[in-house]
Amino acid sequence: MQMFKYILAAFLVTSLMFAANPLAANNDEVQHEKFNVIDYVFEHVNDSYEWHFFSVNDTHITLPLPVILYSKHTGWHFFLSNKFHQHNPDFPFELGEEGKNKDKIVENLSDGTKYVPLDLSLTRSTVGVILSALILILITLRTAKLASRHVYEKPSGLQNFMEPIIIFIRDDIAKPFVGDAYKRYLPFLLTLFNFILIANLLGLILPLGLNITGNIAVTLTLA
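Report follows, based on the coordinates. (Residues numbered from 1 in each chain as written. Predicted model: local features only at pLDDT ≥ 70, side-chain atom pairs only at ≥ 80, totals over all residues. Heavy atoms only, no water.)

1. Things to note about the sheet that holds strand β4 (residues 75-80)
Here we have three strands laid out as an open sheet, ordered β4-β3-β8, and antiparallel in their pairing. Strands at the two margins of the open sheet, each flanked by one partner only, are β4 and β8 (118-119). Relative to β4, strand β3 (residues 66-71) is paired through six bridges, and the arrangement is antiparallel. What sits directly across from Ser71, in β4, is Gly75. (Pairing = 2+ DSSP bridges. Helix = DSSP H or I, 4+ residues; strand = E, 2+ residues; numbered from the N terminus.)

2. Points about the pairing of β3
Alternating residues of β3 divide into Val67, Leu69 and Ser71, all buried, and Pro66, Ile68 and Tyr70, none buried. Hairpin connection, β3 to β4: the antiparallel pair is bridged by three residues. Looking at chain direction, β3 and β8 are connected through two bridges and run antiparallel. Residue pairing across strands places Leu69 opposite Asp119, the latter belonging to β8. (Buried < 20%, exposed > 50% of the residue type's maximum accessible area, 1.4 Å probe, protein only.)

3. Description of the environment of Phe195
One can find Phe195 in helix α6 (residues 182-204). On the basis of relative accessibility, which here comes to 12%, the residue Phe195 falls in the buried class. Separated by 66 residues in sequence, Phe195 and Val129 have C-alpha atoms that sit 8.8 Å apart.

4. Points about helix α4 (residues 124-149)
With 26 residues, α4 extends 37 Å from end C-alpha to end C-alpha; this agrees with the ideal 38 Å at 1.5 Å per step. Within the sequence span of α4, burial applies to Arg124, Ser125, Val127, Gly128, Ser132, Leu136, Ile139, Thr143 and Leu146. (Expected span 1.5 Å × (residues − 1).)

5. Some thoughts on a nonpolar patch on the surface
Taken together, the side chains of Tyr70, Trp76, Phe78, Leu118 and Leu120 present a nonpolar region at the surface, about 560 Å² in accessible area. Tracing the backbone through its elements, the reader meets Trp76 in strand β4. (Patch = residues over 30% accessible without salt bridge, like charges linked within 9 Å, V, L, I, M, F, W, Y side chains within 5 Å. Areas by Shrake-Rupley, 256 points an atom, 1.4 Å probe, with all protein chains shown as cover. Salt bridge = Lys/Arg side-chain N within 4 Å of Asp/Glu carboxyl O.)

6. Here's the deal with the packing of α4 against α6
Where α4 meets α6, the closest approach of the two axes is 9 Å, and the angle between their N-to-C directions is 120°. One element, α4, and the other, α6, form an angle in the oblique class. For the pair α4 and α6, the crossing hand works out as right-handed. Contacts between α4 and α6 pair Val129, Leu131, Ser132, Ala133, Ile135, Leu136 and Ile139 from the former with Thr191, Asn194, Phe195, Ile198, Ala199 and Leu202 from the latter. For the contact of α4 with α6, a count of residues per class yields 10 nonpolar, three polar and no charged. (Axes fitted to C-alpha atoms, helices over the stretch in contact; angles between N-to-C directions. Parallel < 35°, antiparallel > 145°, perpendicular 65-115°, else oblique. Left-handed = near helix turned anticlockwise from the far one by under 90°. Contact = heavy atoms within 4.5 Å. Nonpolar A, V, L, I, M, F, W, Y, C, P; charged D, E, K, R; others polar.)

7. Some details on the packing of helix α5 (residues 157-178) against α6
It is the contact of α5 with α6, at a shortest axis distance of 9 Å, that shows an interaxial angle of 125°. The pairing of α5 with α6 is recorded here as oblique in orientation. For the pair α5 and α6, the sense of crossing is right-handed. Two secondary-structure elements touch here, α5 through Met162, Ile165, Ile166, Phe168, Ile169, Arg170, Ile173, Ala174, Lys175 and Val178 and α6 through Tyr182, Tyr185, Leu186, Leu189, Leu190, Phe193, Asn194 and Leu197. Taken together, the residues of the contact of α5 with α6 sort by class into 15 nonpolar, one polar and two charged.

8. Some words on the pairing of strand β6 (residues 105-108)
A regular strand carries its side chains on alternate faces of the sheet. Pairing analysis gives three bridges linking strand β5 (residues 93-95) to β6, with the strands arranged antiparallel. Its bridge partner lying in β6, Leu95 is registered against Ile105. Between β6 and strand β7 (residues 114-115), which follow one another and run antiparallel, lie five residues, and Gly112 among them has a positive phi close to 90°.

9. Overview of the pattern of salt bridges
Tallied over the entire structure, the rule returns three salt bridges. Salt-bridge contacts for Asp171 lead to Arg170; the nearest nitrogen and oxygen are separated by 2.8 Å. Taking relative accessible area as the criterion, Asp171 reaches 28% and is therefore assigned partly exposed. Judged by relative accessible area, Arg170 falls into the partly exposed class, the value being 32%. The partner of Asp171 in a salt bridge is Lys175, and the shortest N-O contact between them spans 3.7 Å.

10. A look at the packing of aromatic side chains
One pass over the structure, following the stated rule, counts nine aromatic pairs. Between the aromatic rings of Phe79 and Phe84, the centroid separation amounts to 5.7 Å while the plane-to-plane angle is 80°, which identifies the pairing as edge-to-face. Phe84 matches Phe79 in its accessibility class, with the two residues each being buried. Ring centres 5.8 Å apart and planes at 65° place the aromatic pair Phe91 and Phe93 in the edge-to-face group. Grouping aromatic residues by their ring pairs yields a cluster made of Tyr49, Phe79, Phe84, Phe91 and Phe93. (Phe/Tyr/Trp six-rings, centres within 6.5 Å; stacked < 30°, edge-to-face > 60°.)

Now the structure itself:
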């Protein structure tokens, strides 16, 4: 029940934040400004080199993420993504705005040509995957510890929340579709199911702007 209280609290906080959204301000300029649904949706769906939380009076509250690049011309480069917005003339990298390099990091070489380096950056989707995996590990270890400590006691708290999920995966998915060898695949199925569940909860409930399972690379890997 404690876990449900946390989820309910997060949902209420999110609702209050949307209710106080400055986009709904009651002034003539905002009322007459045309709201572009497509731009708004893709801003939250597409991957990004920064983590956008919310906006207050045209001020965007974001967290710059680490950019890791390797160029065959200039070697390795490490910096935060907010350097793209500092307009430094000596900074050789920029985000492509059109053509095949759109939304990719482009290096401006000294001879005037453009080059797309190897990009190993931590994007918003990557951070979301890592965060989901860490939460999954913590929940799994805590549940296993509680189950081993209270073998003959009535489950409560996190263990009480996780046991129905585990039983559902075992009885309704693993046994019917895998057969007698279901125990061998049960940990893998539990990992996939709980990872997707946590990723979706992070994207739907908390105001973090994470769209982890909406990224084609994540869904393709899971598939």
